[in-house]
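Chains, contacts and geometry: an overview
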Amino acid sequence: MIPYNPKNWLTLIFNFHSSQMMRNMIPTMLGIGILSAGMTWFFTAIVPLNMPEGLNIHTFVGIVLGLVLVFRTNTAYDRWWEGRRQFGALTNCSRNMALKLNAMLPTQDHESRQFFGKTIPNFYFALKEHLRDGVKKDELHLDATDYADELGKVRHVPNLIVAHMQDRINLMLRQKIIEGDQYRVLNDDLVTMIDVAGACERIQRTPIPISYSIFIKQIVIIYLLSMPLSTITSLGYYTIPMVMFTTYLLAGIELLAEEIEDPFGLDPNDLDTDGMAANVRAQVQEILIGGLGISQNIRLNKLES
């Protein structure tokens, strides 16, 4: 995701040259512009076009097309926002679980603190890459964990990581490090993690139906190619820039919707899951491994004494 200041209008207006979306639109705009120039020249110099005055069908088709594109953009933004909500829920769940474990685990239990301090963020990193092209082992902190050798043997690494956290809290329950109520609280956090993974997979693996996407593109192209027929008589060669500008508007909306409907990728407008994962790692390790965990346990020991 590209950070920006929404109040700085001039910077945003003149930032189109660096936009990936704009670069993707240039071939389409040039192609439509060349076809419009040919049609304008033909119907002006060779066969003069005499369109009857009266009802302009392009006006009404344009209104309907605008409504369809608005619906398309809203649908894509709903997917983007739902992805942000799910990763926000995962961030809260990760911090909540770390805070609970910090209160439950003894200060001297460095092994469990190291395990959860690295495994909880590992789930975040594994999930964000699972929604892309595959998990990157170099992003995971695998020391003090016992599942490093299993990563290459499974297809769903987030499931593997949660399974090992489940095994660890089961072991803590049997060893009476935690009680039954505490186990249930921690288990709820693990369930939330799996639920978030499933919701994100649903978004990532269920694109807009192809028939809907094809139909919109066909209607946009037909509208743009037939537009000169309704404007040549009144605008003449000014039809060419007018059609290119309309292409910028309509094709831009469709390209923007395509870019944000899968919010977990690496496009400029996708979610900054890399930054969110790094923040979760820093916060969880501060709670369980850094000074916050030690100082909190010292305070609890003083209160108990």
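Read on for an overview of the structure. (Residues numbered from 1 in each chain as written. Predicted model: local features only at pLDDT ≥ 70, side-chain atom pairs only at ≥ 80, totals over all residues. Heavy atoms only, no water.)

1. Looking at the pattern of salt bridges
Taken as a whole and assessed by the stated rule, the structure comprises 14 salt bridges. In this structure, the salt-bridge partner of E82 is R85, at a minimum N-O distance of 2.7 Å. With E82 and R85 both in helix α3 (residues 57-104) and three residues apart, the pair spans about one turn of that helix. Its relative accessible area of 19% is what places E82 among the buried residues. Here D189 and K100 are joined by a salt bridge, their closest N and O atoms 3.1 Å apart. Here D189 is found in helix α6 (residues 180-205), whereas its partner K100 is found in helix α3, with 89 residues between them in sequence. The class for K100 is partly exposed, based on a relative accessible area of 27%. A cluster of three or more residues bridged by salt bridges with shared partners is formed by R72, K217, E254, E258 and E261. (Salt bridge = Lys/Arg side-chain N within 4 Å of Asp/Glu carboxyl O. Helix = DSSP H or I, 4+ residues; strand = E, 2+ residues; numbered from the N terminus. Buried < 20%, exposed > 50% of the residue type's maximum accessible area, 1.4 Å probe, protein only.)

2. With respect to the packing of α3 against helix α7 (residues 210-235)
Taken N-terminus to C-terminus, the directions of α3 and α7 make an angle of 150°; their axes are 11 Å apart at the nearest point. By the angle between their axes, α3 is roughly antiparallel relative to α7. α3 and α7 meet at a crossing whose hand is left-handed. Residues H58, V61, G62, L65, V68, L69, F71 and R72 of α3 form the contact with α7, whose own contacting residues are Y212, I216, I219, V220, Y223, S226, M227 and S230. (Axes fitted to C-alpha atoms, helices over the stretch in contact; angles between N-to-C directions. Parallel < 35°, antiparallel > 145°, perpendicular 65-115°, else oblique. Left-handed = near helix turned anticlockwise from the far one by under 90°. Contact = heavy atoms within 4.5 Å.)

3. Some details on the side chain of T40
On the secondary structure map, T40 appears in helix α2 (residues 20-46). We classify T40 as buried; its relative accessible area is 0%. In terms of polar contacts, T40 uses its side chain to reach the backbone carbonyl oxygen of S36, at 2.6 Å. Every residue in contact with T40, bar those within four places of it in the chain, is listed here: I232, G236, Y237, T239 and I240. (Polar contact = N/O pair within 3.5 Å; in protein donor to acceptor, adjacent residues only side chain to side chain.)

4. A word on the packing of α3 against helix α9 (residues 273-288)
α9 packs onto α3 with a crossing angle of 10° between their chain directions and a minimal axis gap of 9 Å. Overall, the two elements α3 and α9 adopt an arrangement that is roughly parallel. Each of R84, F87, T91, S94, R95, A98, L99, L101 and N102 in α3 lies in contact with α9, whose residues at this interface are T273, M276, V280, Q283, V284, I287 and L288. Here the contact of α3 with α9 is built from residues that sort into nine nonpolar, five polar and two charged. (Nonpolar A, V, L, I, M, F, W, Y, C, P; charged D, E, K, R; others polar.)

5. Regarding α7
With 26 residues, α7 extends 37 Å from end C-alpha to end C-alpha; this agrees with the ideal 38 Å at 1.5 Å per step. Along α7, the largest kink reaches about 35° and is centred on L229. What α7 keeps buried is the set S213, I216, V220, Y223, L224, M227, P228, T231 and I232. A positive backbone phi angle near 65° is found at G236, which sits one or two residues after α7. (Expected span 1.5 Å × (residues − 1). Bend = angle between axes of the 7 residues up to and from the residue.)

6. Digging into unusual backbone geometry
Even without a glycine there, the phi angle at K176 is positive, about 65°. Take K176: it is sitting in the loop between α5 (157-174) and α6.

7. Let's talk about the packing of aromatic side chains
Applying the stated criterion across every chain, the model contains seven aromatic pairs. Each ring, one from F87 and one from F264, has its centre 5.7 Å from the other, and the planes form 45°; the classification is tilted. In this pair, F87 is assigned in helix α3 and F264 in the loop between α8 (239-260) and α9, connecting sequence segments 177 residues apart. Judged by its relative accessible area of 1%, F264 falls in the buried class. Ring centres of F115 and Y147 lie 6.5 Å apart, and the angle between their planes is 80°; this geometry places the pair in the edge-to-face category. Note that F115 is positioned in helix α4 (residues 110-130) and Y147 in the loop between α4 and α5, a separation of 32 residues in sequence. (Phe/Tyr/Trp six-rings, centres within 6.5 Å; stacked < 30°, edge-to-face > 60°.)

8. Notes on the nonpolar core
M97, L101, F116, I120, M165 and M193 are the most contacted members of the largest nonpolar core, which totals 49 residues. Among the secondary structure elements, those contributing two or more residues to this core are α3, α4, α5, α6, α8 and α9. Here this core gets nine residues from one element, more than from any other, and that element is α3. For M97, the residues in contact, after removing those within four places along its chain, are F116, I120, M165, L186, D189, L190 and M193. Ranked by size, the runner-up nonpolar core spans 10 residues in total, among them L65, L224, V243 and L250. (Core = buried A, V, L, I, M, F, W, Y, C linked by side-chain atoms within 4.5 Å.)

9. Notes on the environment of D189
On the basis of relative accessible area, D189 is assigned to the buried category, the value being 6%. C-alpha separation for the pair D189 and L90, spaced 99 residues apart in sequence, amounts to 9.3 Å.

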